[in-house]
Structures are given as structure tokens and as C-alpha cells.
Amino acid sequence: MSLGDSIIQRALIMYHKLSTVTKATVAISIALILYRLLFRHESTRRKELPAWGPVEMALVMSLLDGPRNGIVYRIFFALRRYGGSFYGISSANQTLIGYEDVDRLFSSQMNHALSIEWHGYGLFLRFFGFPDTPALRKKVETTFKPWHSPVERVFNNEAGAAAAFERGNLPKMVSKFVSFSMEKEKMKRWELRADTKVIKPEDNSGEEGAVEANLSALIMDFGACFTIPPIFGHDLLDRNPHLLEDIWKFDHVVPLLFINMPTWVPLKVMKEGIEARKRLLDGVESFSRRVTQLQLGEKIDDGADLSDVSDVVLERNTALKRNEWSYKERAASELLVLFASNTNTQPVLFWLVLYIYSTPGLVDTLREEVAPFVTLTSSANRKDINAIDTSGLSRECQLLKSVILETLRLAFGAVSTRFVKSPITVQDGKHTHKLHPGTFLSVPHSFSQRDPSMYPDPDKFVPDRFLETDPSSGKLVAKYGKLRPWGAGASMCRGRLFAEKELMAIGAALVMLWDISPAGGGEWKIPEMLGGPGPVKPKEEVRVVIRRRVFDGVPLE
Ligand code: HEM
């Protein structure tokens, strides 16, 4: 027996003699040490969320969700740094659960003590592998405001979001939701990943055509094709044929990169994700060069037409250039916008469409509700959409809004993370916590989204769950209540108005023009949900048949 073997054997014998509590403590400590060694480039000194933070948050959520007396729960509870609603072993990172006034804490403290900027900086290092340098830190610090304000101004303001929405040209897109073609060249961009199969061609005789497709791929790419041009113009999407596929491939490895998993781990998902990241960065870098050429009045590479690039991109590029960001760094910065605007919205859109079509009777009820706000026209043997009144939809279509909130409750878990910039004292019931600069706070808003005391029958999709009678008007209105899908405080989602419009309008437009049913007939099967926090993904694809809606006596405008 080697010396190594004998040491291990003696250690195991000693371990077996320990009490259960000591065994569990030793096991947790060893796991933590191994974890810290394995993911060693993370740091709690720097302004970067500790890599073990998300893992600890997941552990806290699962411990609080189960019976609160297990051995691991008791050890964790004994070891946690603070009390009350603060869960976390080290002061470097705390998970807040059940803290009553997150909105006020994050709003009032925002400009003084709590900030999101270093969370954003961490994404540069983790998602894109940039080295942590004083120069990059300074660039992030000085560019922080001009970076966020154009997004906020356009996508979180009624007029800006409405104008961006119009640029997406949704009526035309929805009218051509499926092309009824098997030729790749004739298919729409969003059909290419959906494995579409024409079951019955559409002809001019008025006979109903039918197409089979994978619903998740189809809807997610449809949503992305709607979202990207109002921000980046058509050039980025047109010039990068793999852009959509690469967004979803890279999105798969983001949770792994977030916990600082090395990119060399021999996992297929990691390899594919990192290759996709490279193509995305290259594509966005060339795009940033073309945007700069446009702004300088120079000849644009490949004679690209950038006339429809939004002010958001132009203003951000000006700020990045002024602060001497290299093109590689600009690519990462703009890829974050591409991600923020798609990776949350499109999976939610998929679940929304699935719930609408799979809930008995809901499509018909929604058709009645949204019809006054979706103007149809007749051409040849079919109807198309002429205009969508998004303000009317948000004002009057309260059932659709409730359906969206119920989808967000089941399929999206928001997390707000803030960096403590200067010392603060937080009153938490009878506890008073002093938080130190350089530490992080995370709030998983989704913790209570399946709590039966707040949402009876919590795993069931209940379309009108969020409808309440308004005491002054007596009308039913959809209210968020305690649901926080956009995060909390002053730095909550910068694109929420646009996202709300997008979910409402795409939902309304699809139900008005299309029938969707399970392929092969029979009952709908809702796939298992994977992942989260953030948007959950379906465990498997949902194969569907898509046909144009048959209108029975619906009058035309
Ligand atoms: C269903 C759709 C969406 C959901 C559920 C969602 C949710 C969120 C959440 C939870 C946050 C973090 C907020 C916090 O820290 O408290 C966030 C941040 C953000 N969102 Fe959204 N979002 C959506 C769509 C969009 C869209 C369409 C855009 C842009 C057009 C956008 C832009 C952003 C930006 C720029 C941030 C800040 C990122 C950072 O610097 O950390 N989001 N979003």
C-alpha cells in the first residue's frame, strides 16, 4: 500500500467515527474548498460577484423550499453570516429572501450605496473571457451612464418603445409566419431551425395549407427576427447567417460561465457555446466597425446599408469610441444588448404561445378580446394584418395581460444583483444589518412564484389568475401583485415597456391569423421545464401543425 493510500484509508476511518453533524460539516467544508480551488480565478476582492454566489443562492432556495429541519438546512442556518431575510455564509455575497421592501431598498439606495455596474463588469470577464485590468475597469466605470441611458430612453419609455415597435413591422411578419415552402431560399429566416415540413401546400384554390414545425425554435427565432432590426437595423442579421443559432448556443453555456466553469471542460455544450461566442463576437465587431465608418462619413465595408441602425446603437458607439474602447471590447458590449433583448423575451414568448393554444377555449376568448385592436385586410383568399394598436391592447386587453403575467410566473425567475458601493445599514424586521462595501446582494424574486399560499394550485396555468376587480371602475384589471419579473428598484429591466408590447402584440397577432395544434392530433403535452433562474427552457421540442385561421363570418374593416 502506498503512503497516499494509507493516509486516505486512515482519514476515512476517522471520518466514519464522527457524529452525523460533524460529518456533514466536514463534507460541506471539503466541497467548498474543492469548489474554490477548481474555480480559482474568481475573486471576492475585486468588484466581481463571487462565482460561488449563484450556487449558494440555488442551495438557499432549495433549502428554504424543503422541510426546514434537515441536517444541511440546520448547518447552513447555524453558519449564515446575518439573520432575518439575509442568507449567505460569507459577507461577500448575501441572498435576500422574504425581505419585505426590496423595491424601496434598491430604489432609495441606488445612487448612493447599491449599484449594478460591477455586476455588468463581471459579465465581461466571465462571459467573454476578458482579463481583469485597471484599464477595462476604468472604461466600464466611465461609460456606465451613456451605455444604459439610450436603452432606457428608447425601450422603457412609451413613445420610444412604440416607435421601436413600429420599426419591427410585425403585421407583415405575422402574415408570413410560415411560408408553406420546402425550399430554404423561399423560407423565412425564423423557419430555418424549426424543421418545418409542408403537410399540405397552400394554393390559390382557397384550400387550407398546413405546415409541421418545432414550436420552440420557430417562435424564439420569430421573436428574435422581430426584436433585432429595430435596435441594430437589418445589416447585422442579414450579414450573419448563423446569428440566431449562435445566440441560443452561447446562451446554453452562459450559466456555466457565470459560475466560472473553465472553458476547457470537455463538454459538448461548452465547446459549441464557445465556438458560437467567437462567431458572435466577430460578427458584432465587424458591425461596430461599419457603424463607426458610417458615423465618420467614411466608405462603409461591403457597401453595407446602415440607414436603419437605431439611435441606441449610434449613441452607444459614440460613447464607446470616446472612452477608447477597442473594437473587441465594443463587440462584447453590444453583444450584451443583443443578449439582454432576446434571451429573456424569446423563451417567454414560446411559453406564452404554448399556453395560449393549449388551454381549452382560451384562443377563442382572446380572439374576441384583441379583435378591436388588430386591423385585418382581405387579399386573394386570405386575411392579413394591416395594423396593430399596441396602446389599445395594453389598455383594454386585461385577460391577455393576465395570461402574460401567469406565463412569466411559471416560466421566468428574475434575479436582481447589486454591488454594495459604500457602507449601508439595512433594517430587516427586528434585525439590523451593516453591509460592507465590495460585497454583493442578490434577490431571487422567483422564490415565491410557486408558493401555494400566494398562488393556489401553483403549478397550474390559470389564465385569469392576475385579474382583479378595480374598486373604482368595477372592471377586471390585470395586476402584478407581488410578481417581479422585471427585477426591482431603479435598475430593473431597461427594456420592459418594449418587452411588454412585444409579448402582447405578437400574442394578439398570432391568435388573430393562425391556428396551431399538436402534430399527429390528440392532446397537448406541456414539456418539462428546465433551468432557471431566468427563463426556463422546454426539455424537448413541441411539434405542432400550423394552419391559417378559418374565419367564420368575422367582418372585415
Ligand atoms: C420577457 C422579457 C424580459 C424580461 C423578463 C426581462 C427581465 C430582466 C431582469 C429581471 C433584469 C435584471 C433587473 C434587476 O437587476 O433588477 C433585466 C435587465 C435588463 N434588461 Fe430585461 N427583460 C426582458 C426583456 C428585455 C428587452 C426586450 C430589453 C431591451 C430592449 C431588455 C434590456 C435589459 C437591460 C439593458 C438590462 C440591464 C442589464 C444589466 O446591465 O445588468 N430586457 N431584464
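The name given to the protein in an unreviewed UniProt entry is Cytochrome P450, and the organism recorded there is Sordaria macrospora. In its Subcellular location (unreviewed entry) section, UniProt records this for the protein: "Endoplasmic reticulum membrane". The heading Pathway (unreviewed entry) in the UniProt record of the protein holds the text "Antibiotic biosynthesis."

J.: What is the right way to read the overall build of the protein from this model?
T.: When helices and strands are tallied, the protein shows 20 helices and 19 strands. Each of the 557 residues in the protein was classed as buried or not, and the buried ones make up 53%. Put simply, of all contacts in the protein between residues at least 6 apart along the chain, 70% involve residues at least 24 apart. With an accessible surface of roughly 26000 Å², the protein has 55% of that area assigned to carbon and sulfur atoms.

J.: How do you make sense of the pairing of strand β2 (residues 93–96) when you look at a structure like this?
T.: Regular strands have side chains that alternate between both faces of the sheet. Taking every second residue as pointing to the same face, both faces of β2 are buried, with N93 and T95 on one and Q94 and L96 on the other. The sheet contact formed by strand β1 (residues 86–87) and β2 spans 2 bridges and is antiparallel. Looking at β2, one finds that F86 is bridged to L96. In textbook terms, the turn of a hairpin is the stretch between consecutive antiparallel strands, and for β1 and β2 this stretch comprises 5 residues. As paired elements, β2 and strand β12 (residues 440–444) share 3 bridges and run parallel to each other.

J.: Help me understand helix α8 (residues 158–167), please; the structure alone is not making it clear to me.
T.: Helical geometry: 3.6 residues make up each α-helical turn, so side chains three or four residues apart lie on a common side. Considered for burial, the residues of α8 that qualify are G160, A161, A164 and F165. Projected down its long axis, α8 carries its buried residues within an arc of 135°, all on one side. Exposed and oriented more than 90 degrees from the buried face of α8 are A159 and E166. Of the surrounding elements, those touching the buried residues of α8 are α7 (134–155), α9 (170–175), α10 (215–232), α18 (390–396) and α20 (496–513). Between the side-chain oxygen at the start of α8 and the backbone nitrogen of A159 there is a gap of 3.0 Å, and the oxygen is on N157. Once α8 ends, the next one or two residues include N169, with phi positive near 50°.

J.: Is there a simple way to explain the UniProt feature "binding site: heme" (unreviewed entry) in the protein in this structure?
T.: Feature annotation in UniProt places "binding site: heme" (unreviewed entry) on C493, given in this structure's numbering. If you trace the backbone, C493 turns up in the loop between β14 (476–478) and α20. C493 gets classed as partly exposed once you look at its relative accessible area, which sits at 30%.

J.: Explanation requested: the pairing of β12 in the structure shown.
T.: Burial of β12 is extensive: 5 of the 5 residues sit out of reach of the surface. Across the two faces of β12 the burial is the same, with F440, S442 and P444 and L441 and V443 all buried. By the bridge criterion, 5 bridges tie strand β9 (residues 415–420) to β12 in an arrangement that is antiparallel. Opposite R418, over in β12, you have L441 as the bridge partner.

J.: I'm lost on the site of the ligand in this one. Help?
T.: The local shell around the ligand holds 21 residues, among which H148, S416, R418, A488 and C493 are the closest. Within the contact set of the ligand, an oxygen atom lies 3.3 Å away from a side-chain nitrogen or oxygen of H148. When contributions to the shell around the ligand are tallied by element, the ones reaching two or more residues are α7, α15 (327–342) and β9. Of the residues in the shell around the ligand, the class split is 11 nonpolar, 8 polar and 2 charged.

J.: How should I be thinking about the packing of aromatic side chains in this particular structure?
T.: Aromatic rings in a pair are described by how distant their centres are and how their planes are angled relative to each other. One pass over the structure, following the stated rule, counts 27 aromatic pairs. Here F124 and F128 contribute two aromatic rings whose centre-to-centre distance is 6.2 Å and whose plane-to-plane angle is 70°, an arrangement assigned as edge-to-face. Of this pair, F124 and F128 are both found in helix α6 (residues 117–128), 4 residues apart, which corresponds to roughly one turn of the helix. Given a relative accessible area of 0%, F124 falls into the buried group. Given a relative accessible area of 8%, F128 falls into the buried group.

J.: Where do I start with the sheet that holds β2 in this structure?
T.: Think of a sheet as strands paired side by side through backbone hydrogen bonds, with each pair either parallel or antiparallel. With respect to topology, 5 strands assemble into an open sheet ordered β1-β2-β12-β9-β3, the strand pairing being mixed. At either margin of the open sheet sits one strand with a lone partner, and together these are β1 and β3 (114–115). Of the strands in this sheet, β1, β2, β9 and β12 are in contact with helix α3 (residues 53–65), which crosses β2 at around 35°.

J.: Help me out: how do you make sense of unusual backbone geometry in this one?
T.: Of all residues except glycine, most have a negative phi; of all peptide bonds, most are trans. Although it is not a glycine, D302 adopts a positive phi angle of roughly 60°. Relative to the helices and strands, D302 is located in the loop between α13 (268–296) and α14 (311–322). Despite not being glycine, E324 has its phi angle at roughly 60°, a positive value. Relative to the elements of secondary structure, E324 occurs in the loop between α14 and α15.

J.: Quick question: what am I supposed to make of the nonpolar core here?
T.: Where a protein is soluble and globular, its nonpolar side chains tend to be buried together. Counting 138 residues, the largest nonpolar core has F177, F250, Y357 and W514 as the members making the most contacts within it. For this core, the domains that each give at least three residues are domain 1 (39–132) and domain 2 (135–414 + 449–548). Residue contacts for F250: discarding those within four places in its chain leaves F127, F128, L257, G273, A276, R277, L280 and F339. Listed in part, the 16 residues of the second largest apolar core include F106, L441, V443 and A488.

J.: Before we go on, may I ask you to explain the packing of α13 against α14 in this structure?
T.: Here α13 crosses α14 at 90°, and the two axes come no closer than 10 Å. The orientation of α13 with respect to α14, classified from their angle, is roughly perpendicular. Mapping the contact onto sequence places F287, S288, V291, T292, L294, Q295 and L296 in α13 and V313, L314, N317, T318 and K321 in α14. Residues belonging to the contact of α13 with α14 are distributed by class as follows: 6 nonpolar, 5 polar and 1 charged.

J.: Help me understand the environment of K479, please; the structure alone is not making it clear to me.
T.: Note that K479 resides in the loop between β14 and α20. Sequence separation between K479 and Q398 is 81 residues; the distance between their C-alpha atoms is 9.0 Å. Setting aside chain neighbours within four positions, we find K479 in contact with L405, F466, E468 and D470.

J.: Looking at this structure, how should I read helix α17 (residues 362–370)?
T.: Buried within α17 we find L362, V363, L366, R367, E369 and V370. For α17, the arc enclosing every buried residue in end-on projection is 165°, short of the 170-degree limit, so these residues lie on one face. Turned more than 90 degrees away from the buried face of α17 sit D364 and E368, all of them exposed. At its buried positions, α17 is contacted by α16 (345–358), β6 (374–379), α18, α19 (398–411), α20 and β15 (514–518).

Calculation criteria
- Residues numbered from 1 in each chain as written.
- Predicted model: local features only at pLDDT ≥ 70, side-chain atom pairs only at ≥ 80, totals over all residues.
- Heavy atoms only, no water.
- UniProt positions renumbered as here; feature names shortened; annotations may be inferred.
- Helix = DSSP H or I, 4+ residues; strand = E, 2+ residues; numbered from the N terminus.
- Buried < 20%, exposed > 50% of the residue type's maximum accessible area, 1.4 Å probe, protein only.
- Contact = heavy atoms within 4.5 Å.
- Areas by Shrake-Rupley, 256 points an atom, 1.4 Å probe, with all protein chains shown as cover.
- Pairing = 2+ DSSP bridges.
- Arc of directions from axis to C-beta.
- Polar contact = N/O pair within 3.5 Å; in protein donor to acceptor, adjacent residues only side chain to side chain.
- Near = heavy atom within 4 Å.
- Nonpolar A, V, L, I, M, F, W, Y, C, P; charged D, E, K, R; others polar.
- Phe/Tyr/Trp six-rings, centres within 6.5 Å; stacked < 30°, edge-to-face > 60°.
- Axes fitted to C-alpha atoms, helices over the stretch in contact; angles between N-to-C directions.
- Core = buried A, V, L, I, M, F, W, Y, C linked by side-chain atoms within 4.5 Å.
- Domains from an automatic or database assignment.
- Parallel < 35°, antiparallel > 145°, perpendicular 65-115°, else oblique.

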